[in-house]
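Spelled out, the chains give:
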Amino acid sequence: MVTDAPENDQIILATGGYDRTIKLWQTSSGICHRSVQHAESQVNALEITPDKKVLAVASYQHIYMYDLLANNPNAIVNYEGTYKNVTCVGFQEDGKWMYSGGEDGRARIWDLRSKSNQCPKSFDTRQASGTSLTPINCAVLHPNQIELLLGDQNGVIYRWDLRTDNHDQLIPENDVMILSIDISPDSSQMVSVNNKGKAFVWNLSSSGTDLSTTLLPKHKFEAHRRAVLKCKYSPDSNLLITTSADQTARVWNTREYSLLQELTQDNQRWVWDAAWSADSQYVFTASSDNFAKLWNVETGKMEREYSGHQKAVTALAFRDVTA
């Protein structure tokens, strides 16, 4: 739900982008509650910790952590040691550790309980592929919390078992870039999208004594006319949103992947990111027209704009008060 919750609502929606500014919004009013200058680089990805207290900002060579409960304009923690852009970031469900991936071809696990900001575990695409390091564009943690799925610029998807460090890989389509991956919250399906506008879907099952995940091809379809930048399953696993360089976001059902809604506005430009409300009835989008937007999924209508960024909004993070 995205209704009023005065004591919490103001810290739930975060946006960032090319203007090197992070904004925190009251979702019910569209008012910017707080703005933080992030002068070192553009914002590549945002994620809020499961306890809703800290915002992780993936940027150039760093992951910065900002306190959502205080007005401190400075990052409270700086995770460094990466090279080039950090492209994706996320959290283990209990907030014990964080994962990231980046243009340096490495995925990292960060121990959030360590005061030394340690990275005790990492994976690199050179070791996995036997060739050169390939930039990692996206990562998603399986709901089982023990497997990390990674997508790279050469079109390879890696399944990294965090317990054993074993990995395997698959290539859905040759000569494309994997731009986003997601796994449905009920663990039944995985989707990947690429720079050619295609989406590939797998059924997931657990097998063997180690309960590792097996991927069985289910479906592939043309989601957009141009690159698909983000894919995200709804909390109830019944819907999928895809966002694209073709200036639209689209909502699909996850039974046969038929199109339910196209979310678009004149001059919207690239739609970079999306996040669902906990009840799967609303979705936020971030786009190159400098706006974040709230959409009603059933009607396809935009219900609210979040205005204040001076350049493209490329990342957003949302934790519902009921989540």
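Here we summarise the structure given alongside this text. (Residues numbered from 1 in each chain as written. Predicted model: local features only at pLDDT ≥ 70, side-chain atom pairs only at ≥ 80, totals over all residues. Heavy atoms only, no water.)

**Quick word on the packing of aromatic side chains**
Working step 1: Taken as a whole and assessed by the stated rule, the structure comprises eleven aromatic pairs.
Working step 2: The interplanar angle of 70° and the centroid separation of 6.2 Å between the aromatic rings of tyrosine 18 and tryptophan 272 together place this pair among those described as edge-to-face. Highlighted residues: tyrosine 18 in the loop between strand 1 (13-17) and strand 2 (21-25) and tryptophan 272 in strand 23 (residues 271-276), separated in sequence by 254 residues.
Working step 3: According to the relative accessible area criterion, tyrosine 18 is partly exposed, its value standing at 35%. (Phe/Tyr/Trp six-rings, centres within 6.5 Å; stacked < 30°, edge-to-face > 60°. Helix = DSSP H or I, 4+ residues; strand = E, 2+ residues; numbered from the N terminus. Buried < 20%, exposed > 50% of the residue type's maximum accessible area, 1.4 Å probe, protein only.)

**Digging into the environment of proline 185**
Working step 1: Along the polypeptide, proline 185 turns up in the loop between strand 15 (178-183) and strand 16 (189-194).
Working step 2: Distance in space between the C-alpha atoms of proline 185 and asparagine 144 is 9.9 Å, their sequence separation being 41 residues.
Working step 3: The contacts of proline 185, once residues within four sequence positions are left out, are Pro143, Tyr233, Ser234, Pro235 and Ser237. (Contact = heavy atoms within 4.5 Å.)

**Observations regarding the pattern of salt bridges**
Working step 1: This model, assessed by the stated rule, comprises ten salt bridges.
Working step 2: Of the charged contacts in the structure, one is a salt bridge between glutamate 147 and arginine 159, with a shortest N-O distance of 2.5 Å. With glutamate 147 in strand 12 (residues 147-152) and arginine 159 in strand 13 (residues 157-161), this pair connects stretches of sequence that are twelve residues apart.
Working step 3: Overall, glutamate 147 belongs to the buried group, its relative accessible area being 0%.
Working step 4: The exposure class assigned to arginine 159 is buried, which follows from its relative accessible area of 10%.
Working step 5: For arginine 255, the salt bridge is made with glutamate 256, and the minimal N-O distance between the two is 4.0 Å.
Working step 6: Relative accessible area serves as the criterion here: at 44%, glutamate 256 is assigned to the partly exposed category.
Working step 7: Salt bridges sharing partners connect three or more residues here, namely Glu147, Arg159 and Asp168. (Salt bridge = Lys/Arg side-chain N within 4 Å of Asp/Glu carboxyl O.)

**Considering unusual backbone geometry**
Working step 1: One non-glycine residue, glutamine 247, lies in positive phi territory at about 75°.
Working step 2: Within the secondary structure layout, glutamine 247 lies in the loop between strand 20 (239-244) and strand 21 (249-253).

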